[in-house]
Amino acid sequence: MGIIEKMRLDGKAIYVTGGASGIGKAASYGFAEAGADVAIVDINLEGARKVAEEIAQATGSKTIAIQADVTNPEEVEAMVAKVVETYGKLDACYNNAGIAVNAPAEEMTFEQWKKVIDINLTGVYLCSTAAGRQMLKQGYGSIINTASMSGHIVNVPQPQCAYNASKAGVIMLTKSLAIEWAKRGVRVNCISPGYIGTELIMQAENLKPLIEVWNGMAPMGRLGKPEELQSVLVYLAGDSSTFTTGSDIVVDGAFTCF
């Protein structure tokens with residue numbers, strides 16, 4: 001099989017959490033355009049259905065929409081079961097759902113801290129282990145998690161200690177699972193995006209001053225685009241990355257290089 005064929009995802013079944021918008025939506029399009037059948041998972045079922053329909057029409061992918069709260073173990077297990085029931089297997093998954101809260105540490109409420117950790121870290125753990133159990137039974141599979149450059153640096157000027165801690169946790173969780181499952185056919189990797197100009201970020205009036213600061217600090221002078229993450233995600237999901245596990249691939253326009 002040549003490299004072009006290995007980069008294709010034809011016949012593969014993949015789910016994407018947080019797939020109704022932003023990075024998750026772009027990832028879902030990328031997987032489908034590479035030939036995969038994609039389950040769009042989101043707490044917002046209406047949004048997931050809309051994206052699933054758009055992708056099916058644009059690519060011919062066999063898509064489904066699933067509502068799931070990634071912090072709820074029962075819903076996560078049911079989500080994985082639905083994917084397997086629909087497609088007969090689970091080749092890869094992208095655990096991407098996440099949130100950010102900007103609040104000074106001394107003012108942050110316990111509820112704010114817990115919500116960020118529950119979604120960003122515990123949610124990735126629940127999805128990774130639920131997917132992992134299915135993949136271990138199959139003897140193969142690729143798990144991809146969304147970490148962040150914020151797992152490597154302390155972002156400024158916004159205070160976001162919970163987000164930074166959660167994403168650093170995702171990186172170490174990814175590496176730990178990769179080691180546990182390396183000899184059992186299941187690969188686990190994460191990507192660490194820099195500032196990505198999703199629709200939500202670009203349309204938020206309160207973030208415009210921050211975007212100016214971020215762009216001023218960025219070596220490339222701009223935010224990344226969601227579509228600029230697609231190729232690395234397709235690589236990690238497919239057969240050209242069979243020796244890649246335990247990796248954290250930073251895609252940040254060199255933001256963390258200084």
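- Per an unreviewed UniProt entry, the protein chain goes by SDR family oxidoreductase and derives from Suipraeoptans intestinalis.
- The record in UniProt for the protein chain states the following under Sequence similarities (unreviewed entry): "Belongs to the short-chain dehydrogenases/reductases (SDR) family."

**Let's talk about the nonpolar core**
Part 1: Counting 35 residues, the largest nonpolar core has Tyr15, Met79, Val83, Leu90 and Ile143 as the members making the most contacts within it.
Part 2: Elements with a contribution of two residues or more to this core: strand S1 (13-17), strand S2 (37-42), strand S3 (64-67), helix H4 (73-87), helix H5 (110-138), helix H6 (161-181) and strand S6 (186-193).
Part 3: Here this core takes seven residues from H5, the largest share from any one element.
Part 4: Beyond its immediate chain neighbours, meaning those up to four positions away, leucine 90 contacts Ala13, Tyr15, Val80, Val83, Val84, Ala131, Gln134, Met135 and Gln138.

**Details of the pattern of salt bridges**
Part 1: Scanning the model with the defined rule gives eight salt bridges in all.
Part 2: Between lysine 25 and glutamate 54 there is a salt bridge, with its nearest N and O atoms 3.9 Å apart. Here the residue lysine 25 occupies a position in helix H2 (residues 22-33), and glutamate 54 occupies one in helix H3 (residues 45-59), the gap between them amounting to 29 residues.
Part 3: Classification of glutamate 54 by relative accessible area gives partly exposed; the value is 25%.
Part 4: The salt bridge partner of glutamate 228 is arginine 222, with a shortest N-O separation of 2.9 Å.

About the criteria used
- Residues numbered from 1 in each chain as written.
- Predicted model: local features only at pLDDT ≥ 70, side-chain atom pairs only at ≥ 80, totals over all residues.
- Heavy atoms only, no water.
- UniProt positions renumbered as here; feature names shortened; annotations may be inferred.
- Core = buried A, V, L, I, M, F, W, Y, C linked by side-chain atoms within 4.5 Å.
- Buried < 20%, exposed > 50% of the residue type's maximum accessible area, 1.4 Å probe, protein only.
- Helix = DSSP H or I, 4+ residues; strand = E, 2+ residues; numbered from the N terminus.
- Contact = heavy atoms within 4.5 Å.
- Salt bridge = Lys/Arg side-chain N within 4 Å of Asp/Glu carboxyl O.

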